[in-house]
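Here's the letter readout for the chains.
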Amino acid sequence: MTDKDQDIANDVGQRLGRFLFEMQEETGWPTWLIFAGVHGHITALMVQNMGPQDAAAICERAAQRMRGFSSLAEMALAGATPAGRA
């Protein structure tokens, strides 16, 4: 992934995060239900666009990374850009 691709992916992640928060605020739906619906849709799109083998490999790598985190704060810290690096 190029730096430009990473910047776009980061922007998408931030926008999606704001959208999901706004959806929860507007509807009052439990956050976990919103995430379950989004996860299912994104996974289906990944299978459609990348194929089942690549989508499964990506999901497995993500699951392996997530198993090591004890909290959302720890996950955010692990993905944070170090100070001085733009």
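Being a predicted model, the structure only gives us computed values, none of them experimental.

Participant: Just checking my understanding: could you explain the overall build of the protein chain for this structure?
Facilitator: What the protein chain contains, in helices and strands, is four helices and zero strands. N-terminal to C-terminal, the α/β element order of the protein chain is α-α-α-α. On the principal axes, the C-alpha backbone points of the protein chain span a range of 40 × 35 × 25 Å. In the protein chain, which comprises 86 residues, the proportion classed as buried is 6%. For the protein chain, the exposed area adds up to about 7200 Å²; of that, 61% sits on carbon and sulfur atoms.

Participant: Is there a simple way to explain the pattern of salt bridges in this structure?
Facilitator: Should the charged atoms of two oppositely charged side chains come close, the side chains can pair. Applying the stated criterion across every chain, the model contains two salt bridges. Measuring nitrogen to oxygen at the nearest pair gives 3.6 Å for the salt bridge that ties glutamate 60 to arginine 67.

Participant: Got a minute to help me understand the confidence of the model for the protein chain in this structure?
Facilitator: For the protein chain, the average pLDDT comes to 87, and 91% of its residues sit at 70 or higher. Helix H2 (residues 31-50) holds the highest mean pLDDT among the elements of the protein chain, 93, whereas helix H4 (residues 72-79) holds the lowest, 72.

Participant: How should I be thinking about helix H1 (residues 3-27) in this particular structure?
Facilitator: Note: α-helices contain 3.6 residues per turn, so residues at a spacing of three or four share the same orientation. Compared with an ideal rise of 1.5 Å per residue, which puts 25 residues at 36 Å, H1 spans 36 Å between its outermost C-alpha atoms and is within 8% of the ideal. Where H1 ends, the next residue or the one after it, glycine 28, has phi of about 80°, a positive value.

Participant: Just checking my understanding: could you explain the packing of H2 against helix H3 (residues 52-67) for this structure?
Facilitator: Between two packed helices, the angle of one axis relative to the other and the distance separating the axes together describe the packing. Look at H2 against H3: their axes get within 7 Å of each other, and the N-to-C directions meet at 135°. Judged on the interaxial angle alone, H3 and H2 are oblique. Along its contact with H2, which presents Met46, Val47 and Met50, the element H3 presents Pro52, Asp54, Ala55, Ile58 and Cys59. By residue class, the composition of the contact of H2 with H3 is seven nonpolar, no polar and one charged.

Participant: I'm lost on H2 in this one. Help?
Facilitator: Compared with the 28 Å implied by 1.5 Å per residue over 20 residues, the 28 Å span of H2 between its first and last C-alpha is a close match. Phi for glycine 51, located one or two positions after H2, is positive at around 95°.

Participant: Help me understand a nonpolar patch on the surface in this model?
Facilitator: A cluster of nonpolar residues, Leu16, Phe19 and Ile42, forms a patch on the protein surface that exposes about 240 Å² of accessible area. On the secondary structure map, isoleucine 42 appears in helix H2. Taking the relative accessible area as the measure of exposure, isoleucine 42 reaches 37% and is therefore partly exposed.

What counts as what
Residues numbered from 1 in each chain as written. Predicted model: local features only at pLDDT ≥ 70, side-chain atom pairs only at ≥ 80, totals over all residues. Heavy atoms only, no water. Helix = DSSP H or I, 4+ residues; strand = E, 2+ residues; numbered from the N terminus. Buried < 20%, exposed > 50% of the residue type's maximum accessible area, 1.4 Å probe, protein only. Areas by Shrake-Rupley, 256 points an atom, 1.4 Å probe, with all protein chains shown as cover. Salt bridge = Lys/Arg side-chain N within 4 Å of Asp/Glu carboxyl O. pLDDT = per-residue confidence, 0-100. Expected span 1.5 Å × (residues − 1). Axes fitted to C-alpha atoms, helices over the stretch in contact; angles between N-to-C directions. Parallel < 35°, antiparallel > 145°, perpendicular 65-115°, else oblique. Contact = heavy atoms within 4.5 Å. Nonpolar A, V, L, I, M, F, W, Y, C, P; charged D, E, K, R; others polar. Patch = residues over 30% accessible without salt bridge, like charges linked within 9 Å, V, L, I, M, F, W, Y side chains within 5 Å.

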